[in-house]
Amino acid sequence: MMKSAVIYKAILAGALWVAGATAMAAPTGTFTVVVPNFGRELLDLGKTSTQDLQYTGHINDPLIGTAPDGSLAPGRGLAESWTMSDDAKTYTLKLRQGVKWHDGKPFTSDDVVFSLAERFVAKDAICTFCRLLQSIESVKATDPHTVVIQLKSPDPLYLAILSARDGDIRMLARHNYRATPEGFELVGDPIGTGPWKYASFSRGVEMTLDANTDYWDKDRIPDFASMRIVPRSQPSTRLSMIRSGEADMAFVDPRQADDARAAGLTVLTAKGAAIASLEFYGCWQQEMLCHKQDFREALVRAIDMPTIFKHIYPEGTAQPISSAYWPVDQSMGFDPEQKPYAYDPKRSAELLKKAGYKGTTVKIWSVRTVSIPEAPEIMELVDGYLRAAGFKTEVTPMEFGAFRPRYASTPQRWETQYAAHLYLNAPGVRPTVLPNLRVGVIGQEVGGLIQGYWDLPTINQQWNKLITLHKADELETELRALNKKMHGEFVNHPVAMKSQVAVAGKRVESWTPSLYGFAWHLETVKQRK
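The text that follows walks through the structure, step by step, so that each part is easy to find.

Criteria and thresholds
Residue numbers run consecutively from 1 along every chain, following the written order of its sequence. In keeping with the predicted nature of the model, local features appear solely for residues at pLDDT of at least 70, side-chain atom pairs appear and are counted solely at 80 or more, and the whole-chain, interface and lining totals rest on all residues. Hydrogens and water molecules were not included; the side-chain quantities draw on all heavy atoms of the structure. Note on conventions: DSSP H or I runs of at least 4 residues are helices, E runs of at least 2 residues are strands, and numbering of each starts at the N terminus. Throughout, exposure labels follow a simple rule: accessible area from a 1.4 Å probe, protein chains only, divided by the maximum for the residue type, with under 20% read as buried, over 50% as exposed, and the rest as partly exposed. Two strands pair under a simple rule: DSSP has to find at least two bridges between them. Whenever a helix is involved, its axis is fitted only over the stretch in contact; in every case the axis is a line through C-alpha atoms, and angles between N-to-C directions fall within 0 to 180 degrees. Throughout, a residue-residue contact means that at least one pair of heavy atoms, one from each residue, lies within 4.5 Å. The labels follow the angle: roughly parallel below 35 degrees, roughly antiparallel above 145, roughly perpendicular from 65 to 115, and oblique for the rest. Should the near helix be turned anticlockwise from the far one by less than a right angle, the crossing is termed left-handed; should it be turned clockwise, right-handed. The disulfide criterion used throughout: a pair of cysteine sulfur atoms within 2.5 Å. Whenever two N or O atoms come within 3.5 Å, that pair is a polar contact, provided that in protein one can donate a hydrogen and the other can accept it, and provided that, for residues adjacent in sequence, both atoms are side-chain atoms.

## Section: unusual backbone geometry
Thinking step 1. The linkage connecting Thr410 with the following residue, Pro411, adopts the cis geometry, with an omega of 0 degrees.
Thinking step 2. Along the chain, Pro411 turns up in the loop between α11 (405-408) and β16 (420-425).
Thinking step 3. Although it is not a glycine, Gln451 sits at a positive phi angle of roughly 45 degrees.
Thinking step 4. Examined against the element boundaries, Gln451 turns out to sit in the loop between α12 (434-440) and α13 (456-466).
Thinking step 5. For Gln451, a relative accessible area of 8% translates into the label buried.
Thinking step 6. For Phe490, which is not glycine, the phi torsion reads 55 degrees and is therefore positive.
Thinking step 7. Relative to the elements of secondary structure, Phe490 occurs in the loop between α14 (472-488) and β17 (492-504).

Here it is as structure tokens:
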């Protein structure tokens, strides 16, 4: 059986993965974590994004859990089981009983209704996956611990977007919000059901969380009594804080892994945490040169990505990929015969001439995020290769919080006086593929967000066909065909499937994140005894 089919069936079955309860010592001490930035610096999950999970994602649990091996399973989620109807339009979820919000009130199916059918679909909701909830027809609570999700059209993989691996949707407490003319606003401090409880937040300075000693999963009650999350934009500063003992764990640039090992520090990784992909945005606008395939291929052929990969990623921190949407053999539609693009400056020059290039500027956005803190260094190298190949470029550094509205707004703001807008995106691996196509590829009019494809009418039509399929073999066939098509059209330039690299100090023994995506589970960091 294909690995993708195995993933498909696991989603339908809701196969259990349950940790065995063990006796836990009382949490002690403070765990200090250093991250590159705080993104939008907001606490309402409806107004943040996937990139903000580094500080927002520890308080609230996802509905669908992710096992350490990366599979979707109930063990780390609020739904303990689920079933799907034969037409792939109705999901019935049984919720975990005995779960409490941090203020002691019970978590019930009404909170799921509020989260999925009210808060995350309100006018003011802008999270990365909020738009994807438009596929839902209704969410009903049939009893305090049963929820029925009815979709507008068949989607056998829909629950993946409600997981910590694939999405940024977390369950919210109805009583933590009040209605406004535009949507909802947070009432007081944020509360969740997660392993960490909100303590304080000072924008640009730190976030402090306390261990939830009443957490429903006794195996994941944190070892530490509290956790401080602090932002430091400079890679050298993050590493030096570990060396000096000022911090216990720092998310660092991959190239720092060798320096950390040489200094006798422990390097920990979350495999497949993100994809590094050089995206060409705004190309659906015919006024831009990147609307032409010849120009997109010229961009790709001008960049020596294998050399960039070797320069940026030490052994064990990443692996080359041929597709940003089908990066691993577990991905539905993965093609083992497909190869990464080859560096060919001569071919690039020929294509530039064919495309009629006359020096129109290529806009390069240099944006550092927690998923790709090395983005500025990569974009500097990309800029050098493009200029050497005859492209005129313009590099603009920007914080993610300021950049995100460019693609998350309707309408989008991609100035057409540029030949292309280049941005290093960091999607999750998401083996079910459809969530990434929703977020990154299809048009906003059919529920997409970034709409990174050059021909929106065509991809929207293809999408409308994909979402009618609810048999694994049919979906596999169509996704593989789309994989081949997008690779041949040079839609983007994949860089790597990368691990999240963390350097740990002497107080840290181990860390058990989930494979793939943003389920980092810092509550699993164990103290060295």
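## Observations concerning the sheet that holds strand β5 (residues 146-151)
Thinking step 1. Reading across the sheet, the four strands line up as β2-β3-β5-β4 and stay open at both edges, with antiparallel pairing between neighbours. On the outer flanks of this sheet lie β2 (79-84) and β4 (136-143), each paired with one strand and no other. Strand-to-strand twist in this sheet, taken as the mean axis angle between neighbours without regard to direction, amounts to 20 degrees.
Thinking step 2. Across five bridges, the pairing between strand β3 (residues 90-95) and β5 is antiparallel. Counterpart to Leu93 in the pairing with β5 is Val147.
Thinking step 3. Lying over the sheet, helix α3 (residues 109-117) contacts β3, β4 and β5, oriented at roughly 170 degrees with respect to β4.

## A closer look at the packing of helix α6 (residues 293-302) against helix α8 (residues 345-355)
Thinking step 1. In contact at an axis separation of 8 Å, α6 and α8 are set at 155 degrees when each is read in the N-to-C sense. As judged from the angle between their axes, α6 and α8 are roughly antiparallel. Here α6 runs over α8; the crossing is left-handed. Mapping the contact onto sequence places Asp294, Phe295, Glu297, Ala298, Arg301 and Ala302 in α6 and Pro345, Arg347, Ser348, Leu351, Leu352, Lys354 and Ala355 in α8.

## Side note on the state of the cysteines
In a disulfide, the sulfur atoms of two cysteines are held together by a covalent bond.
Thinking step 1. Here the structure, examined in full by the defined rule, presents two disulfides.
Thinking step 2. The disulfide bridge from Cys127 ends at Cys130, spanning 2.0 Å between sulfur atoms. Taking the torsion about the sulfur-sulfur bond, which here is approximately 110 degrees, the covalent link between Cys127 and Cys130 counts as right-handed. As far as burial versus exposure is concerned, Cys127 and Cys130 are alike and both buried.

## Section: the pairing of strand β9 (residues 206-211)
Thinking step 1. Both strand β8 (residues 196-202) and β9 contribute to a ladder of six bridges, which runs antiparallel. Residue pairing in the sheet places Trp196 in a bridge with Ala211 of β9.
Thinking step 2. Remark: three residues form the turn of the hairpin made by β8 and β9, two consecutive strands paired antiparallel; Gly204 in that turn has positive phi of roughly 75 degrees.
Thinking step 3. As defined by bridge partners, β9 adjoins strand β10 (residues 226-231) across four bridges and the pair is classed as antiparallel. Paired with Met207 across the two strands is Ile229, which belongs to β10.

## Focus on the environment of Glu118
Thinking step 1. Here Glu118 shows up in the loop between α3 and β4.
Thinking step 2. On the basis of relative accessible area, Glu118 is assigned to the partly exposed category, the value being 26%.
Thinking step 3. Each C-alpha atom of the pair Glu118 and Met249 lies 37 Å from the other, and the pair is 131 residues apart in sequence.
Thinking step 4. Discounting chain neighbours no more than four positions away, the residues touching Glu118 are Val113, Arg174 and Phe184.

## As for the pairing of β17
Thinking step 1. For β17, a buried count of 13 out of 13 residues is recorded, marking the element as mostly surrounded by other parts of the structure.
Thinking step 2. Note that strand β11 (residues 249-251) and β17 share three bridges and pair antiparallel. What sits directly across from Ala250, in β17, is Val503.
Thinking step 3. Pairing between strand β12 (residues 266-281) and β17: 11 bridges, direction antiparallel. Looking across to β17, one finds that Leu278 is bridged to His493.
Thinking step 4. In the sheet, strand β13 (residues 318-319) pairs with β17 via two bridges, with the strands oriented antiparallel. Note on β17: the bridge partner recorded for Gln319 is Met497.

## A closer look at the side chain of Gln338
Thinking step 1. In this structure, Gln338 sits in the loop between β13 and α8.
Thinking step 2. Within polar-contact distance, the side chain of Gln338 engages the side chain of Ser322 at 3.3 Å.
Thinking step 3. With sequence-adjacent residues up to four places away left out, Gln338 is seen in contact with Ser322, Ser323, Asn483, Lys484 and His487.

## Side note on the packing of α13 against α14
Thinking step 1. Packing of α13 against α14 brings their axes to within 11 Å, and their N-to-C directions diverge by 165 degrees. When the axis of α13 is compared with that of α14, the two are roughly antiparallel. Seen from above, α13 lies across α14 with left-handed handedness. Here α13 contributes Thr458, Ile459, Gln462, Lys465 and Leu466 to the contact with α14, which in turn contributes Leu475, Glu478, Leu479, Leu482 and Lys485.

Nothing here speaks to function; it is all geometry.
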